[in-house]
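# Coordinate inspection notes
Take a look at the letters that make up each chain.
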Amino acid sequence: MRVAKVAIAGVGGVGRATAMLLLSRSARYLRLYRTEVRLVAVCGSRSGLCDPRGIEPGQLDTLEPGLSGPEFMTASGADILIEAGPSDFRTGRPGLDYIRSALADGRDAIVVSKGALVHSGRELRDLTRISGANLKISGATAGALPTIDLVEHSLLGGTVLRLEGILNATTNYLLDAMTARGIGFDEALQEAQAGGFAESDPRNDTEGWDTASKLLILANFGLGLDLTMDDLVVQGIQSVTGEQIAALRTENLVPKLIGSLVRESGGVRAEVGIRTYSPADPLALVRGKNKAVRIITDAMGETVAIGSGTEPLATSAAALKDLEHILAARSAKGP
Ligand code: HSE
């Protein structure tokens, strides 16, 4: 019987949901991977909890002040970090310190927040190469929608020539509500905030930064590129008016906020902005808070995935899908 000791940094909606889902799946991990998965530590920015015997669900409401930070997580003895804290792509923090510490020590990391991956992607990829640790990022690349798995696994038989996606639920919800129901931007945004999928600062969604972050992470971690935010042209939907939406409707065009990446001779063009589609295009059919990605490869044609889920469960489940990939790889190595 193997033991996997997990620590979760971040006790907001996704962190807590991940902890609860992980604890509810212990029998599944035993059965499928012959592994006792033990949650040994959780922490937020100022408080936390450590129990080497394994934290129980009821303990998650009894965090102690002062138990926080990368050193606390290291001292917990965890060999897998799930990082689900706040995301800031301009500094990478606070996630960067946790992820850097785990990877440098050869501990596997499952990353949900995008900031560190955008800010210090090259350093983190180098650390995984040097230490041999796994770095899994499904939760940071559109969560339940398969994106990084498609390029890393399913479409590995080809070279990605083009990728375009509706990578942000909030902006799709807004544009869809304005188009289909004729409501205004502010009213649609209030609905997205009530739905729990808009960022706490919704300008990250509406100005295109969340889409840009996911696109950049896919480009660098999935396609082996080395882009920075300065390489992307980013335009959001914050200035879209009801009149513009009505005009597109009369032309039978459906607007979407798209992150796109095209390989060109001599480089790559990556941008975020509104594109319009005819109603029959698969991307035009992506309604509400659903997301989608279309990938075109040289040898495997065109693939479209559409989906979402209810947050925070969907992103938590995506992070725990990454955990299962790690457990499966450990099982395959033998005792
Ligand atoms: N605010 C994001 C979205 C969710 O609307 O898709 C986190 O990435």
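Above this text sits the structure in question.
All residue numbers here refer to positions counted from 1 along the written sequence of the relevant chain. In keeping with the model being predicted, local features are shown solely for residues with a pLDDT of at least 70 and side-chain atom pairs are shown and tallied solely at 80 or more, while totals for entire chains, interfaces and linings include all residues. Only hydrogens and water are set aside; all other atoms, that is, all heavy atoms of the structure, feed into the side-chain values.

### A word on the overall build of the protein
Along its length, the protein carries 13 helices and 13 strands. Across its three principal directions, the C-alpha atoms of the protein cover 65 × 45 × 35 Å. Exposed residues in this analysis have more than 50% of their type's maximum accessible area, buried residues have under 20%, and partly exposed residues fall in between, with area computed by a 1.4 Å probe over protein chains only. Across the 335 residues of the protein, 53% fall into the buried class. By definition in these notes, contact holds between two residues if any of their heavy atoms fall within 4.5 Å. Restricting to contacts in the protein with at least 6 residues of sequence separation, those with at least 24 account for 69%. With an accessible surface of roughly 14,400 Å², the protein has 51% of that area assigned to carbon and sulfur atoms. In the protein, which carries 35 positive and 39 negative side-chain charges, the distance between the mean positions of the two groups comes to 5 Å. Comment: elements are numbered from the N terminus, with helices defined as DSSP H or I runs of at least four residues and strands as E runs of at least two. Using a 1.4 Å probe, accessible areas were evaluated by the Shrake-Rupley method; residue-level cover was limited to the displayed protein chains. In this charge count, Lys and Arg are treated as positive and Asp and Glu as negative; neither His nor the chain ends contribute. For the purpose of locating charges, the reference atoms are NZ of Lys, CZ of Arg, CG of Asp and CD of Glu.

### Quick notes on the nonpolar core
Residue types Ala, Val, Leu, Ile, Met, Phe, Trp, Tyr and Cys, when buried and joined through side-chain atoms within 4.5 Å, form a set referred to as a nonpolar core. Counting residues in hydrophobic clusters, the biggest one holds 70 residues, and the most contacted among them are M73, I99, L117, L124 and L135. By residue number, the principal contributor to this core is helix α11 (residues 209–222), which donates seven residues. What L117 contacts, discounting residues up to four positions off in sequence, is V111, L124, L135, I137, A140, I217 and F221. Judged by nonpolar contacts, the second largest core, of 25 residues, contains A19, L21, L49 and I55.

### Points about the state of the cysteines
Pairs of cysteine sulfur atoms within 2.5 Å are what we label disulfides. As enumerated under the stated definition, the model contains zero disulfides in all. As a non-bridged cysteine, C43 has C50 as the owner of its nearest cysteine sulfur, 10 Å distant.

### Some remarks on the sheet that holds strand β5 (residues 80–83)
Any two strands are treated as partners once DSSP identifies two or more bridges connecting them. Strand order in the open sheet made by the seven strands is β4-β3-β2-β1-β5-β6-β7, with mixed pairing throughout. At either margin of the open sheet sits one strand with a lone partner, and together these are β4 (64–65) and β7 (135–136). Two elements, strand β3 (residues 47–50) and β4, share two bridges in a ladder whose sense is antiparallel. Bridging across to β4, S47 finds its partner in P65. Strands in contact with helix α13 (residues 313–332) are β1 (2–9), β2 (35–43), β5, β6 (108–111) and β7; relative to β6, the strand with the most contacts, it is inclined by about 160°. Note on geometry: axes are lines fitted to C-alpha atoms, helical ones only across the stretch in contact, with angles between N-to-C directions running from 0 to 180 degrees.

### Here we look at the packing of aromatic side chains
Pairing of aromatic rings covers Phe, Tyr and Trp, the last counted by its six-membered ring, and requires centre-to-centre distances within 6.5 Å; plane angles under 30 degrees mean stacked, over 60 mean edge-to-face, and any other angle means tilted. Considering all chains together, one arrives at two aromatic pairs under this definition. Ring centres of Y173 and F197 lie 5.5 Å apart, and the angle between their planes is 65°; on these two criteria the pair is classed as edge-to-face. Placement of Y173 in helix α8 (residues 169–180) and of F197 in the loop between α9 (185–195) and α10 (203–206) is noted, with a sequence separation of 24 residues between them. Owing to a relative accessible area of 18%, Y173 belongs among the buried residues under this scheme. Since its relative accessible area comes to 15%, F197 is described here as buried. Criterion for a charge above a ring: Arg CZ or Lys NZ at most 6 Å from the ring centre, at most 35 degrees from the ring normal. One residue, R90, lies across the ring of W209, its end atom 5.7 Å from the ring centre. Here the guanidinium or amino end of R125 rests over the ring plane of F221, the centre of that ring lying 4.9 Å away.

### Description of the site of the ligand
Near the ligand, the surroundings consist of K114, N168, A169, T170, F197, E199, D205, D210 and K214. The contact in question runs from a nitrogen atom of the ligand to an N or O atom on the side chain of E199, over 2.8 Å. Within the contact set of the ligand, an oxygen atom lies 3.0 Å away from a side-chain nitrogen or oxygen of K214. Taking 260 Å² as the accessible area of the ligand by itself, protein coverage stands at 82%. Those elements giving two or more residues to the shell around the ligand turn out to be α8 and α11. For the shell around the ligand, the class distribution of residues is two nonpolar, two polar and five charged. Proximity criterion: a residue is near a molecule or strand once any of its heavy atoms comes within 4 Å of it. Whenever two N or O atoms come within 3.5 Å, that pair is a polar contact, provided that in protein one can donate a hydrogen and the other can accept it, and provided that, for residues adjacent in sequence, both atoms are side-chain atoms. Polarity classes work like this: nonpolar for Ala, Val, Leu, Ile, Met, Phe, Trp, Tyr, Cys and Pro, charged for Asp, Glu, Lys and Arg, and polar for all others, with Gly in that last group.

### A look at the pattern of salt bridges
We define a salt bridge as a contact between a side-chain nitrogen of Lys or Arg and a carboxyl oxygen of Asp or Glu at a distance within 4 Å. In this structure the tally under the stated criterion is 27 salt bridges. Here E324 and R28 are joined by a salt bridge, their closest N and O atoms 2.6 Å apart. Of this pair, E324 sits in helix α13 while R28 sits in helix α2 (residues 26–33), placing them 296 residues apart in sequence. Take R28: its relative accessible area is 35%, and that puts it in the partly exposed class. In this structure, R38 and E36 form a salt bridge, with 2.9 Å as the shortest nitrogen-oxygen distance. Judged by its relative accessible area of 30%, E36 falls in the partly exposed class.

### Some remarks on the sheet that holds strand β12 (residues 291–297)
Taking strand neighbours across the sheet as the criterion, the six strands line up as β9-β11-β10-β8-β12-β13 in an open arrangement whose pairing is mixed. Among the strands making up the open sheet, the edge pair consists of β9 (233–234) and β13 (301–307). When strand β8 (residues 160–166) meets strand β10 (residues 254–264), the two strands line up antiparallel, connected through four bridges. Residue pairing in the sheet places G165 in a bridge with G259 of β10.

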